[in-house]
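So you can see what is in the structure, the chains are spelled out below.
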Amino acid sequence: MNRLEVPGYVRESAAEHTGSVLLDARSGRCFAMNPMARILWHEWRQHRDFEAGVSVLARRFPEHGDDRIRQDARQLADALVSRGLLAAAAPTGEPPASSYGILDDTRVDVPHRAVDAARSGVDLRLGGVDVRLGGVAPTPVRVGAEVTMAADPEPRSSPTGLPPTRHDLVAGLLGLLLALLLIRLPFRTLLRVVDWTERRWCRREATVEHGEAALGAVRRAAALYPGRAACLEDSLASLMTLALRGRRAVWCIGTAVDPCRFHAWIETRGIPITAPDEQGVEGFRRILCV
């Protein structure tokens, strides 16, 4: 019987009665799970036993049968193991199992397997959708696709409505350039750089006014940038703009489901810094804060 463990670099954002999103903090890749998949994953995280999750679903939905649920659960486990979101260890005397052996494409999700939703009234498809933070959305595949954080199509104004000073504009431009360079690094390297900068370079905590001024300057600079500058770039650039002045803030990445989407922002003194014309953060659950 396979033992399953959740690696320490996996982060979860979950909502009650809905699915959840798992984040691989090494790569920035996420995997969105529906409610039934979430139940299985939580059982595996708690008990480290594949059969523990199967038993829970079998007790809740006995009309579907253990074999059918176990087959679907193996597809989910294979998807998570192949993506590094679960680690499978074989019992003593058996060869190690890096996966359950039915998946080899990390870009495409496992086939959704419906379990007679008409009879049960519950969707028991034990699958998910791959997404990548800051990625470019390709043509949708059959059951999963990479998606991007929401990009703002029009030039944005300053969050405060006040024109930034020349020094603010220069700092915002430098912060944006730094963010565009950092965002090309591997995701785990990016997190280490941000963490080191905040701990070693930034001696003072930013105020809300400092955060709003930094975001306003960044958005003015981003309006002149011909490439993509959405919330991921804006928030990281705002963080770097503050860091250039020795002030620290918290970089947050959050998720929302139905539909699955992402948002990034900075917080100072526990207050999110957003512009009046961008989406709020109330519907997003933090999955990572640096």
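To be clear, the structure that these remarks concern was listed above.
These notes cover the structure that comes with them. (Residues numbered from 1 in each chain as written. Predicted model: local features only at pLDDT ≥ 70, side-chain atom pairs only at ≥ 80, totals over all residues. Heavy atoms only, no water.)

**Things to note about helix 7 (residues 208-222)**
Its 15 residues place the ends of helix 7 21 Å apart at the C-alpha level, agreeing with the 21 Å of an ideal helix rising 1.5 Å per residue. All buried positions along helix 7 are accounted for by Val-208, Gly-211, Ala-214, Leu-215, Gly-216, Ala-217, Val-218, Arg-219, Ala-221 and Ala-222. On its buried side, helix 7 packs onto helix 5 (166-182), helix 8 (231-244), strand 10 (261-268) and strand 11 (271-273). (Helix = DSSP H or I, 4+ residues; strand = E, 2+ residues; numbered from the N terminus. Expected span 1.5 Å × (residues − 1). Buried < 20%, exposed > 50% of the residue type's maximum accessible area, 1.4 Å probe, protein only. Contact = heavy atoms within 4.5 Å.)

**Quick notes on the packing of helix 6 (residues 187-201) against helix 8**
Between two packed helices, the angle of one axis relative to the other and the distance separating the axes together describe the packing. Closest axis-to-axis distance for the helix 6/helix 8 pair is 10 Å, and the angle between their directions is 30°. Taken together, the axis directions place helix 6 and helix 8 in an arrangement best described as roughly parallel. You can see that helix 6 and helix 8 cross each other, and the crossing is left-handed. Contact with helix 6, carried on its side by Leu-190, Val-194, Thr-197, Glu-198 and Trp-201, involves Leu-236, Leu-239, Ala-243 and Leu-244 of helix 8 and no other residues of that element. Classifying every residue of the contact of helix 6 with helix 8 by side-chain character gives seven nonpolar, one polar and one charged. (Axes fitted to C-alpha atoms, helices over the stretch in contact; angles between N-to-C directions. Parallel < 35°, antiparallel > 145°, perpendicular 65-115°, else oblique. Left-handed = near helix turned anticlockwise from the far one by under 90°. Nonpolar A, V, L, I, M, F, W, Y, C, P; charged D, E, K, R; others polar.)

**Considering the packing of helix 1 (residues 35-47) against helix 2 (residues 50-60)**
Orientation of helix 1 relative to helix 2, taken along the N-to-C sense of each, is 135°, at an axis distance of 8 Å. By the angle between their directions, the pair helix 1 and helix 2 is classed as oblique. Crossing of helix 1 over helix 2 shows right-handed handedness. Touching Met-36, Ile-39, Leu-40, Glu-43, Trp-44 and His-47 of helix 1 are Phe-50, Ala-52, Gly-53, Val-54, Val-56, Leu-57 and Arg-60, all from helix 2. Residue classes in the contact of helix 1 with helix 2 are distributed as nine nonpolar, two polar and two charged.

**Remarks on helix 5**
Between the first and last C-alpha of helix 5 there are 24 Å, a value that for 17 residues agrees with the 24 Å anticipated at 1.5 Å per step. Turning to helix 5, its buried residues are Asp-168, Ala-171, Gly-172, Gly-175, Leu-176, Ala-179, Leu-180 and Leu-182. Of the surrounding secondary structure, the elements contacted by the buried residues of helix 5 are helix 6, helix 7 and helix 8.

**So, a nonpolar patch on the surface**
A cluster of nonpolar side chains, namely Val-170, Leu-173, Leu-174, Leu-177, Leu-178 and Leu-244, defines an oily patch on the protein surface of about 490 Å² accessible area. In terms of residue count, helix 5 provides more of the nonpolar patch than any other element does, five residues in total. Here Leu-178 is to be found in helix 5. Overall, the relative accessible area of 34% leaves Leu-178 in the partly exposed class. (Patch = residues over 30% accessible without salt bridge, like charges linked within 9 Å, V, L, I, M, F, W, Y side chains within 5 Å. Areas by Shrake-Rupley, 256 points an atom, 1.4 Å probe, with all protein chains shown as cover. Salt bridge = Lys/Arg side-chain N within 4 Å of Asp/Glu carboxyl O.)

**Here we look at the nonpolar core**
Leu-190, Leu-236, Leu-239, Trp-251, Ile-253 and Leu-288 are the most contacted members of the largest nonpolar core, which totals 37 residues. It is helix 8 that provides the largest number of residues to this core, a total of seven residues. Formed by 27 residues, the second largest nonpolar core is a distinct cluster that contains Trp-44, Val-56, Ala-77 and Leu-80. (Core = buried A, V, L, I, M, F, W, Y, C linked by side-chain atoms within 4.5 Å.)

**Things to note about the pattern of salt bridges**
Going through the model one piece at a time under the given rule, you end up with eight salt bridges. Between Asp-195 and Arg-199 there is a salt bridge, with the nearest N and O atoms lying 2.8 Å from each other. In this pair, Asp-195 and Arg-199 are both assigned in helix 6, four residues apart and thus about one turn of the helix distant. For Arg-199, a relative accessible area of 46% gives the class partly exposed.

**Some thoughts on the sheet that holds strand 11**
With antiparallel pairing, four strands are arranged side by side in an open sheet as 11-10-9-12. Every interior strand has two partners, whereas the edge strands, strand 11 and strand 12 (285-289), have only one. Taking the axes of each pair of neighbouring strands and ignoring which way they run, one obtains an average angle of 45° across the sheet. Against the sheet, helix 6 engages strand 9 (250-256) and strand 12, with an angle of about 140° to strand 9. Across the face of the sheet, helix 8 comes into contact with strand 9 and strand 10 while running at roughly 15° to strand 10. (Pairing = 2+ DSSP bridges.)

**Observations regarding the packing of aromatic side chains**
One pass over the full model with this rule turns up one aromatic pair. Each ring, one from Trp-44 and one from Phe-50, has its centre 5.6 Å from the other, and the planes form 20°; the classification is stacked. Judged by its relative accessible area of 0%, Trp-44 is buried. The exposure class of Phe-50 is buried, given its relative accessible area of 2%. It is Arg-26 that lies over the ring of Tyr-9; its NZ or CZ is 3.9 Å from the centre. (Phe/Tyr/Trp six-rings, centres within 6.5 Å; stacked < 30°, edge-to-face > 60°. Lys NZ or Arg CZ within 6 Å of the ring centre and 35° of its normal.)

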